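# Chains, contacts and geometry: an overview
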Amino acid sequence: MSVRPITPVDHPALLALWRRTPGLQLRAEDDFEPFCNYLARNPGLSQLVELDGRIVASLLVGHDGRRGYLQHLVVDEPYRGRGFARALLGKAQAKLAQLGIDKSHVFVLRDAPQAQAFWEAQASWEGRSDIQVYSTRRSGE
């Protein structure tokens, strides 16, 4: 197993992994240009796991200077249960801690039961019932 930073070259393989993962929703922000911008804004934080040259897990990691934000924590179905998600999560938290960021958030779709179960099983993470998330998108120009 090799854990390494995600690079722009990984985009096609990551898109394929994300598309075949139930419970993950792709949006325009996952297109190549926004993906590259995200990596450039958060250098070295997003990581992936490779086995025999194949990407089998990923985690996008960013921050706003105060809090970390985790997206697309994915392990390809045949490779689940091997600790890859926990390894990526631990690495993300360590990298954010090096930047002085001790609190992170992850948004999990309500209709993603496997993802919900993963996060509920993480001892240091807790669900929030005190907030509601609202999103907007700049209208087309």
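Presented here is an overview of the structure given in this document. Keep in mind that this is a model prediction, so the values were computed, not measured.

### A closer look at the pairing of strand S2 (residues 47-51)
Along any regular strand the residues' side chains alternate between the sheet's two faces. For S2, the buried fraction is high: 4 of the 5 residues fall into the buried class. Sheet topology note: the strand S1 (residues 2-5)/S2 ladder contains 4 bridges and is antiparallel. Of the residues in S2, the one forming a bridge with Pro5 is Gln47. Bridge count for S2 against strand S3 (residues 54-63) is 5 bridges, and the pairing is antiparallel. Bridge pairing in S3 places Val49 opposite Ala57. Linking S2 to S3, which pair antiparallel, is a turn of 2 residues; within it Asp52 sits at a positive phi near 50°.

### Concerning the sheet that holds strand S5 (residues 103-106)
Pairing in this open sheet of 5 strands is mixed, and the strands run S1-S2-S3-S4-S5 from one edge to the other. Of all the strands in the sheet, just S1 and S5 have a single pairing partner and so form its edges. This sheet shows a mean twist of 25° between the axes of neighbouring strands, independent of strand direction. Of the pairings in the sheet, the one linking S3 to strand S4 (residues 67-75) comprises 6 bridges and is antiparallel in character. Bridge pairing in S4 places Leu60 opposite Gln71.

### Section: helix H3 (residues 84-98)
A rise of 1.5 Å per residue sets the reference length of H3, with its 15 residues, at 21 Å; its end C-alpha atoms lie 21 Å apart and thus fit the reference within 8%. Listing the buried residues of H3 in full gives Phe84, Ala85, Leu88, Leu89, Ala92 and Leu96. Take H3 and look down its axis: the buried residues cluster within an arc of 130°, on one side only. The exposed residues of H3 that point more than 90 degrees off its buried face are Arg86 and Gln98. Looking at the packing, one finds that the buried side of H3 touches S1, S2, S3, S4, S5 and helix H4 (113-120). Gly100 occupies a position one or two residues after H3 and carries a positive phi of about 80°.

Definitions and cut-offs
Residues numbered from 1 in each chain as written. Predicted model: local features only at pLDDT ≥ 70, side-chain atom pairs only at ≥ 80, totals over all residues. Heavy atoms only, no water. Buried < 20%, exposed > 50% of the residue type's maximum accessible area, 1.4 Å probe, protein only. Helix = DSSP H or I, 4+ residues; strand = E, 2+ residues; numbered from the N terminus. Pairing = 2+ DSSP bridges. Axes fitted to C-alpha atoms, helices over the stretch in contact; angles between N-to-C directions. Expected span 1.5 Å × (residues − 1). Arc of directions from axis to C-beta. Contact = heavy atoms within 4.5 Å.

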